[in-house]
Protein chains: 2
Amino acid sequence: MELERLIAVAAGHRPADLVLRGGRIVNVFSHEVYEADVAIAGDRIAAVGGPFHAAATVDCRGLILCPGFFDAHVHIESSMLSVPEFARTVVAHGTTAVAADPHEIANVMGAEGIRYILRTSKYAPIHVYVMLSSCVPASRWESAGAELGAVDLLPFLSDPWVLGLAEMMNYPGVVSGDPDVLAKLKVVVDRVIDGHAPGLSGPALQAYAAAGVRSDHECVTADEANERLRAGMRVMIREGSVARNLEALVGLVNPANADQFMFCTDDKHVDDLLREGHIDYVIRRAIRLGMDPLLAIRLATINPARYYGLRRRGAIAPGYQATLVALDDLESIRPRKVWNDGKLVAEDGVCVSDQTAYLAARPIVLRGSINTHWLELSHFAIPAPASDHARVHVIEVVDDQVFTRRRIEPAAVREGQLVADPDRDLVKLAVIERHSASGRVGLGFVSGLGLRRGAVASTVAHDAHNLIVAGVNDADMLAAAVHLIKIRGGLSVVEGGKVLADVSLPIGGLMSDQPAETVSRKLQEVGAAAASLGCPLQRPFMSMSFLSLSVIGSLKLTDQGLSPPRLRRDDTG
Amino acid sequence: MELERLIAVAAGHRPADLVLRGGRIVNVFSHEVYEADVAIAGDRIAAVGGPFHAAATVDCRGLILCPGFFDAHVHIESSMLSVPEFARTVVAHGTTAVAADPHEIANVMGAEGIRYILRTSKYAPIHVYVMLSSCVPASRWESAGAELGAVDLLPFLSDPWVLGLAEMMNYPGVVSGDPDVLAKLKVVVDRVIDGHAPGLSGPALQAYAAAGVRSDHECVTADEANERLRAGMRVMIREGSVARNLEALVGLVNPANADQFMFCTDDKHVDDLLREGHIDYVIRRAIRLGMDPLLAIRLATINPARYYGLRRRGAIAPGYQATLVALDDLESIRPRKVWNDGKLVAEDGVCVSDQTAYLAARPIVLRGSINTHWLELSHFAIPAPASDHARVHVIEVVDDQVFTRRRIEPAAVREGQLVADPDRDLVKLAVIERHSASGRVGLGFVSGLGLRRGAVASTVAHDAHNLIVAGVNDADMLAAAVHLIKIRGGLSVVEGGKVLADVSLPIGGLMSDQPAETVSRKLQEVGAAAASLGCPLQRPFMSMSFLSLSVIGSLKLTDQGLSPPRLRRDDTG
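For every chain, the first residue of its written sequence is number 1, and the numbers climb from 1 along that sequence. The naming scheme follows written order: chains are lettered A onward, ligands numbered 1 onward. With the structure being a predicted model, the display of local features is reserved for residues of pLDDT at least 70 and the display and counting of side-chain atom pairs for 80 or more, all residues being used for whole-chain, interface and lining totals. To get the side-chain values, all heavy atoms of the structure are used, and hydrogens and water are removed first.

(A) Layout of the overall build of chain A. Strands here mean DSSP runs of E at least two residues long; helices mean DSSP runs of H or I at least four residues long; both are numbered from the N terminus. Scanning chain A from N- to C-terminus turns up 18 helices and 31 strands. Computed over the C-alpha atoms, the radius of gyration of chain A is 25 Å, within 12% of the 25 Å expected from 2.2 N^0.38 for a compact globule of 573 residues. By its C-alpha atoms, chain A is 90 × 50 × 45 Å across when sized along the principal axes. Looking at chain A as a whole, 63% of its 573 residues qualify as buried. Every residue pair with non-hydrogen atoms within 4.5 Å of one another is taken to be in contact. The long-range share in chain A, meaning contacts at least 24 apart out of those at least 6 apart in sequence, stands at 70%. In the structure as shown, chain A presents an accessible area of about 19500 Å², 50% of it carried by carbon and sulfur atoms. Counted as positive: Lys and Arg. Counted as negative: Asp and Glu. His and the chain ends are not counted at all. Where a charge lies is defined by one atom per residue type: Lys uses NZ, Arg uses CZ, Asp uses CG and Glu uses CD. Within chain A, the 67 negative side-chain charges are centred at a point lying 2 Å from the centre of the 57 positive side-chain charges. Radius of gyration here is computed from C-alpha atoms only, and the compact-globule reference equals 2.2 Å multiplied by the residue count raised to the power 0.38. Between buried and exposed lies partly exposed: a residue is buried under 20% and exposed over 50% of the maximum accessible area for its type, with that area taken using a 1.4 Å probe on protein chains only. In short, Shrake-Rupley with a 1.4 Å probe defines the accessible areas, and a residue's cover is counted only from the protein chains shown.

Dropping the structure here:
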């Protein structure tokens, strides 16, 4: 939008391209709601007030206009959708911007993955800002597909859509002054650095804040949030698919400190996005929990814009981006119309933008990410030790949690091999390195998946996203894994050598190239198939995806073996 | 401060350089006051909480610690002090940062003047940020010493102390889309653009805001301020020597909109700085007018820091600049100790920093700025017209106001010349171009100065700062002007060819190289001398400095003649 025309439209010397007439606007600066027309020129708001001359008019009488919603921290990969498809889904709920951390795809494909996110974002009907993934790989106990040092991140800083450094999960590295970690903080000097420090407190938290980390989305108690607030860190109140912290934190927000808070989803699955919504859901719920609606809207609009230094975002005011949501009222937070860059992009819960169609017609193809050694049955075998009383470490799944428990159980032995024992809910687990065809396979046992037959496999396995397979027999495990290799990654359920259900995730083995509704349906199918094998879990693949997350939990399994590594003793095979 | 040491101190792995112990801190994020120790490493705050180990400790029991104060918009030249001396004066009042617009010296010396401000700022015990003067010259009806276009401003943007474009006074130029004005807005894209738009309203204000102007310090009514607030512009509440808007605006600020407000002084004279104080005075007065003390402190600390995008300023929190003020209490706002960059710089109202002494020993010398044609008596002569009933336009001074009134009076004629008539308070006025020795002299008459004898002269004459002289006879006018040429600019009072008093302002003809106390005393002397000649005004030189400000007032005089120019008719000589 050229400045000359913007000014001329605002001054009334030229007609606006579009006028939103008769609505009541939410003013995030004056903290008011009042009736005003909004004049739009190109992708910007020219003036607020009116009446205005315009080429086109939209009747907004009876509607509340507020700035488009902003998710302050999200891993788009967790939706299992491509960026344009994620955008199509959330824009229908009023989201017009996200600060995305491409941590998952970066762990699979490094800088190539981040570039892919940036490129496909250009075809999304929302603004996708990128925060550079700070912890690739997430730990040295797992084998990721890439390693991103400070110098690998540096070139991205010249991209206008890149805002800073994403959640610095390696808080021990920050506090201890690890040179490689500090190098990453130094290259983003004067940009935003997001935090991730569950439970960090006292001097260590002070050191983390002193290092320049200015937010945290991992607060689960008001005390944690309050300590961060006092230390000058913004609190991102997270309400995702699993981690839901709004209820615990909502009482902390008041008019005098509200500018320190934002909303984010972090990880939200496609089915939850379709069913509940996105940031609109968080606002709605915050209001129901007692938050002033105007404060709630500020947490979702101007606050993240200011935090990220985006001077033209998050408000309905002259010169700001023409990015607005029309709501029925300030209770239901139901988006009736959504405009981005001055164009109508969603209406009555449906995306009406043709930007994603453009990409569908001219796809940006990413290379395949599944690169395993040739797999054979022998990869899954665990020879039994000589002792008659062998015992094994068992990872115990805790439903809907990232962490796990650890048990020691007598081993089940058959023909000189340690095997699964479904009667005791003891299932074999394998993590197959899938990035460099090393042939490395970590083997162990898991309880809590409840499988009585067959096998389940996934290429979504935090944070290195190797190929994880759980099963009661090696043949089905092999078949489930091989099927994923064939479909370029995804989820599979196998019984008796037959694929019962699958979800293809060809983008990094993490994201689908299909519409949200299709992905959601396919996810229900694999869930039902896993249940048919005996699995009692609500989200079996999500639970499985955390079994290799080596940084959290009492016992995990990676391609390098059990983690923490001190547990890799002979009696585990 | 290297990041490694900062983190180590915060984490408690190394001792702090300095600990402020036992004070109660003002937390601008959580909007609280509570007891906490502050650990400082180098020029940064490492941690807040404690107890901390430290090389040195300051007992702050009984004191309130808050972030150093920030003047959001000031012309340092108006104090008539050099930058280090201004800094020495205001730091004693708790000011540790200013956003300075070097508009006056830029009108005299252009880019050279701005560079001089930036260079001398390095020796100030406060942080002097510079906003680039947007209107040099201020109008085409006066002859400034320089012209600054967009390309002249551009190189300054690479200086880390330069934050953006200073008050865009040419709001008609913005609203009408003047290409030269828009070019200046375009070169500072994504930086801060300050406004100055007294009385602007409606579509024109929308256009001004749409152009990217994000503040205004010219609000004198709550309505004006409210319109700017709604348009997304920050309101800088001004409380200077003459313009005092706090009382009119204070009621507008509440916890939900407070982040849109700041404090500034704009123009404050040395005597007022010494007597009243600086931003401490504004905070104190705001509290007395009913503002919540914590909000008032936020307006003076974190709010301008955030507005200007200074991520490490304006708060007592880990990683922030170690820039603090210790107050007796939250009513008197009396600064007892002031630290800047981790060093004690003022104590009990006295600057204790040696940084200004460093500059005094190694002065940065600016070339002389008084460059007039050789002056003779004939320059002051106004031949009377042939008519027996000649009449003259007379500028009428309004005490303590920038604007003037316009009168038409019968001329006093002697020996074929138009002359002063003290009995009717009719005094001759001359504005002598002093930048390019053009020999251009504008002549006219003024009433309200009350001179009965002699002449007064000044090189401070907004905005071109030509040499202005008022007097009852040409000989004294010549003598007063010549004296200023000899002393490289300043203020002078002459009677019977003899200099009664003067103030030397060798820096651009605007600023003294002497200590504040000396300048203040000398100003009292010239004031008393002017009074001895009959002048009844409180601030005669300030009133005279506005007589050539061509953009405001019914009648002004510049080196080019009367302004507005349509009044330059024969009957004025």
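(B) The arrangement of the packing of aromatic side chains in detail. A pair of aromatic rings is counted whenever rings of Phe, Tyr or Trp (Trp by its six-membered ring) have centres within 6.5 Å, and the orientation is called stacked for planes under 30 degrees apart, edge-to-face for over 60 and tilted otherwise. For the coordinates displayed, the defined rule picks out twelve aromatic pairs over all chains. Where A:Tyr171 meets A:Tyr208, the ring centres are 6.4 Å apart and the plane angle is 80°; that geometry is what we call edge-to-face. Linking A:Tyr171 in helix H6 (residues 171-176) with A:Tyr208 in helix H8 (residues 202-210), this pair joins segments that are 37 residues apart in sequence. Cluster of aromatic residues (ring-pair linked, three or more members): A:Phe70, A:Tyr129, A:Trp161, A:Tyr307 and A:Tyr308. Both a distance and an angle decide whether a charge sits over a ring: NZ of Lys or CZ of Arg must be within 6 Å of the ring centre and within 35 degrees of the ring normal. For the cation-ring pair, A:Arg230 lies above B:Tyr34, with the distance from its terminal atom to the ring centre recorded as 3.6 Å.

(C) Here's a closer look at the pattern of salt bridges. Residue and element names in this part refer to chain A. Between Lys or Arg on one side and Asp or Glu on the other, a salt bridge is scored when a side-chain nitrogen of the former is within 4 Å of a carboxyl oxygen of the latter. This structure, assessed with the given rule, holds 72 salt bridges over all chains. One salt bridge in this structure joins Arg-424 and Glu-409, with 3.3 Å as the shortest N-O distance. Placement of the pair is Arg-424 in the loop between strand S23 (417-419) and strand S24 (427-432) and Glu-409 in strand S21 (residues 404-410), with a sequence separation of 15 residues. Note on Arg-424: relative accessible area 30%, which makes it partly exposed.

(D) Structural detail: helix H2 (residues 83-91) of chain B. Along H2(B), eight of the nine residues are buried, which leaves the element largely enclosed by surrounding structure. For H2(B), every residue scored as buried is listed here: B:Val83, B:Pro84, B:Glu85, B:Phe86, B:Ala87, B:Thr89, B:Val90 and B:Val91.

(E) Representation of the nonpolar core within the structure. Counting residues in hydrophobic clusters, the biggest one holds 303 residues, and the most contacted among them are A:Phe263, A:Ile283, B:Phe263 and B:Ile283. Looking at this core, the element that brings in the most residues is helix H3 (residues 103-121) of chain B, giving eight residues. Leaving out residues up to four positions away in the same chain, B:Ile283 has contacts with B:Phe69, B:Phe263, B:Ala296, B:Ile297, B:Ala300 and B:Ile333. Residues belong to a common nonpolar core when they are buried Ala, Val, Leu, Ile, Met, Phe, Trp, Tyr or Cys residues joined through side-chain atoms within 4.5 Å.

(F) Representation of the packing of helix H7 (residues 179-187) of chain A against helix H1 (residues 3-11) of chain B. A fitted line through C-alpha atoms serves as each axis, taken over the contacting stretch for helices, and the angle formed by two N-to-C directions is quoted from 0 to 180°. Axis separation between H7(A) and H1(B) bottoms out at 11 Å; the angle between their running directions is 115°. Compared by their axis directions, H7(A) and H1(B) come out roughly perpendicular. Where H7(A) crosses over H1(B), the two elements pack in a sense that is right-handed. Of the residues in H1(B), those touching H7(A) at A:Leu182, A:Leu185 and A:Lys186 are B:Leu3, B:Glu4 and B:Ile7. In terms of residue class, the contact of H7(A) with H1(B) is made up of four nonpolar, no polar and two charged. The labels follow the angle: roughly parallel below 35 degrees, roughly antiparallel above 145, roughly perpendicular from 65 to 115, and oblique for the rest. Working rule for handedness: look at the near helix, and if it is turned counterclockwise from the far one by less than a right angle, call the crossing left-handed; if clockwise, right-handed. Side-chain classes follow a simple rule in which Ala, Val, Leu, Ile, Met, Phe, Trp, Tyr, Cys and Pro form the nonpolar group, Asp, Glu, Lys and Arg form the charged group, and the remainder, Gly included, forms the polar group.

(G) Representation of the pairing of strand S27 (residues 467-471) of chain B within the structure. All names here are of chain B. Across the five residues of S27, five count as buried, placing the element largely inside the fold. When DSSP locates at least two bridges between a pair of strands, those strands are taken to pair. Across four bridges, the pairing between strand S26 (residues 455-458) and S27 is antiparallel. Each bridged residue has a counterpart across the sheet, and for Ala-455 the counterpart in S27 is Gly-471.

(H) A look at the environment of B:Ala470. All names here are of chain B. For Ala-470, the position within the fold is in strand S27. Here the alpha-carbon distance between Ala-470 and Ser-78, two residues 392 residues apart in the chain, equals 21 Å. Each residue touching Ala-470, except ones within four places of it in the same chain, is listed here: Val-427, Lys-428, Leu-429, Leu-449, Leu-451, Gly-454, Ala-455, Val-456, Met-477 and Met-544.

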